[in-house]
Amino acid sequence: MSTIRTRFAPSPTGFFHIGSARTALFNWLFARHTGGKFILRVEDTDKERNNDQYLQVIYDSLKWLGMDWDEGPGIGGNYGPYKQSERADVYQDYLKKLTATGRTYEKDGAIWFRLEGERYTEYDSFLKKEVEKVKAAPVTINDLIRGKVERAEDRDFVIVRNNGEPVFHFVNVVDDIAMEMTHVIRGEDHLSNTSKHVELYNALGAPVPAFAHIPLILKTDGPGKMSKRDRGALIEEYQSRHFLPAAVRNYLCLLGWTPKDGREVLPIGDIIDQFELSDVHQANARFDEKKMAFINQQHLRALPLETFAWLATPVLQQAGLVSDTTNENYLQSVLALCQEKLPGLENLADISRYFFTDDFPYDEEARAKISKKSDPAIRIRQLIPALEKLQKLDDADIDAAINDTASANGAKPGDYFAPLRFAISGVGGGPHLHDVVRVLGKDRVIARAKKFTGE
RNA sequence: GUCCCCUUCGUCUAGCCCGGUCCAGGACACCUCGCUUUCACUGAGGUAACUGGGGUUCGAAUCCCCAAGGGGGCGCCA
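Model, not experiment: these values are computed from the prediction.

A. Examining the sheet that holds strand β4 (residues 110–113) more closely. Strand order in the open sheet formed by three strands is β3-β4-β9, and the pairing between neighbours is antiparallel. Looking along the sheet, the strands with just one partner apiece sit at the ends: β3 (104–107) and β9 (157–160). Shown here is a sheet whose adjacent strand axes are inclined to one another by a mean of 45°, direction ignored. Alignment of β4 against β9, held across three bridges, turns out to be antiparallel. In the strand pairing of β9, Trp 112 is matched with Val 158. Helix-sheet contacts for helix α3 (residues 88–100) involve β3, β4 and β9, and the interaxial angle to β9 is about 135°.

Written as structure tokens, this is what we have:
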């Protein structure tokens, strides 16, 4: 059995769309699952958009998402070159082959592919003009996801523009033949065009690869597929928001495919093990940012602390909360507290600010909520003497301080928790209060408590 | 317009191939309650779907047909 060869063939546009990412991902997963090859081929025939910066976006995004290619730019391989802009001679060769079959002709300076079948002229309501049509025999596409799809082309089509540039349908097929692709895995938006491609394979006498048309990713709300303008559509957005690439990749897998073992959050190795093209869904999926964020949080929490710290530290540095002079042990204890409850790294700075500066804001909504029960300033004033007596700062120690103060003032322990948290952190929520007190340290807690009461 | 693809909770989906175990399961989101010793959290619970209509069958989410709805293609874009 010959090796499975799949490819991802993006064109450099300057951004990396989430739909492209998932197409690449499914190709990559299939190759890795089957022990085949994953090839990167750049479709940079559009000269205007062909520059290195745009190419770099593709490479960076693929690498960020952990998709390595076995052949392609920067790697090489036996089927190069891997940029269409460098393959003009290949297209010429194949054009000659095709011309030799008598299936091409020139019209208006362009080269057209001729379908076989009875010809007639008809008004086309889409093109809004009279066009020559052909009663061609339908071709059957054996799609690994959709089964047999039958479709007939009904018009000859251009394969080389009048400026000499070959068009997508032609170069795509030629490259897939020349690079001996066994599986073409791409978005469903290409399904209708596949009949053109099969016509070309047949005319060139080349074996038709297996096709797999994956469902599209639709906008969160509103009609149509995700476009680059939609929120969440671009991979660079997740990079800049400090999403974990493993989480983005994990979520993307869930759009149109479900792991057999029922888990939603799982390591990539397990996904590779379970991935089968035949299990890919047929229906389009709608993008859900909240679910993505959830998956991200799950991955974040599963990280070993050292890894989390390694990722989180630059985020805090960027926010100006941490510098080279920050105490390393202190930073580690703060991060240990934050990790377990952090929604995402993008929230880290906001959530942990009070650990790094005394100049933190007070959340007035939280203040209002706490004040409904009792005046927090009064509670804190009552609590300060007990805080000053703290010794070990362990749970029992802190509980004792609160319990004693409560009974001395005819209140419940619960009356002190929220005020204390608010006084020392300015917010209504966060890590376990005992841990916050312990990490901040007795001196800082007392100083903030006093400041809070206005002393 | 035409051709192709699709159709289970708001969303992602399980189940569908091999009809009965499904008055349809899970997850996200949402809502409620509890922990009245907090919580970005945790625990418990809840609302919520087989697009519609025909057929086949003792029996259909599951098979067939039609309709409707959604998506995509139809370019000398990719």
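B. Spatial organisation of the pattern of salt bridges. All chains considered together, the criterion is met by 35 salt bridges. Ionic pairing is found between Arg 32 and Asp 70, a salt bridge with its closest N-O pair at 3.1 Å. Of this pair, Arg 32 sits in helix α1 (residues 18–34) while Asp 70 sits in the loop between α2 (52–64) and α3, placing them 38 residues apart in sequence. Note on Arg 32: relative accessible area 22%, which makes it partly exposed. For Asp 70, a relative accessible area of 27% gives the class partly exposed. Taking the shortest distance from any N to any O, the salt bridge between Arg 448 and Asp 358 comes out at 2.8 Å.

C. Layout of the protein's contact with RNA strand B. Surveying the vicinity of RNA strand B reveals 63 residues, the closest of which are Arg 155, Lys 341, Gly 414, Arg 421 and Pro 431. Near the protein, within 4 Å, the atoms of RNA strand B are sugar or phosphate in 66% of cases. One nitrogen or oxygen atom from the main chain of Lys 225 is found 3.3 Å from a phosphate oxygen belonging to RNA strand B. Contact between RNA strand B and Leu 254: a sugar or linking oxygen at 3.2 Å from a main-chain N or O atom of the residue. Among the elements of the structure, β8 (147–151), α4 (168–178), β13 (285–286), α9 (289–302), α15 (395–408), α16 (414–425) and α17 (433–440) are those that each provide at least two residues to the surface near RNA strand B. Residues belonging to the surface near RNA strand B are distributed by class as follows: 20 nonpolar, 21 polar and 22 charged.

D. Representation of the side chain of Glu 237 within the structure. Along the chain, Glu 237 falls in helix α6 (residues 235–240). Note on Glu 237: relative accessible area 19%, which makes it buried. With sequence-adjacent residues up to four places away left out, Glu 237 is seen in contact with Arg 231 and Gly 232.

Reading the values: rules and limits
- Here the residue index of a chain counts from 1 through its sequence in written order.
- Lettering for chains starts from A, numbering for ligands starts from 1, and both go in the order in which the items are written.
- Local features in this predicted model are restricted to residues of pLDDT 70 or higher, and side-chain atom pairs are both shown and tallied only at a pLDDT of 80 or more, whereas totals for entire chains, interfaces and linings draw on every residue.
- In computing side-chain values, all of the structure's heavy atoms are included and hydrogens and water are not.
- Strand pairing is defined by DSSP finding a minimum of two bridges between the two strands.
- Strands are runs of DSSP state E lasting at least 2 residues, helices are runs of H or I lasting at least 4, and numbering of each runs from the N terminus.
- Interaxial angle, 0 to 180 degrees, is taken between N-to-C directions of lines fitted to C-alpha atoms, where a helix line uses only the stretch in contact.
- Residue contacts follow a heavy-atom distance rule, with two residues in contact if any of their heavy atoms lie within 4.5 Å.
- Here, a salt bridge means any Lys or Arg side-chain nitrogen found within 4 Å of an Asp or Glu carboxyl oxygen.
- For every residue, the accessible area obtained with a 1.4 Å probe (protein chains only) is divided by the maximum for its type, and the residue is called buried under 20%, exposed over 50%, and partly exposed between those limits.
- One heavy atom within 4 Å of a molecule or strand is enough for the residue carrying it to be called near that molecule or strand.
- Polar contact is the term for a pair of N or O atoms within 3.5 Å; when the atoms are in protein, one must be able to donate a hydrogen and the other to accept it, and sequence-neighboring residues count only if both atoms are side-chain atoms.
- We call Asp, Glu, Lys and Arg charged. Ala, Val, Leu, Ile, Met, Phe, Trp, Tyr, Cys and Pro are nonpolar, and the rest, Gly among them, are polar.

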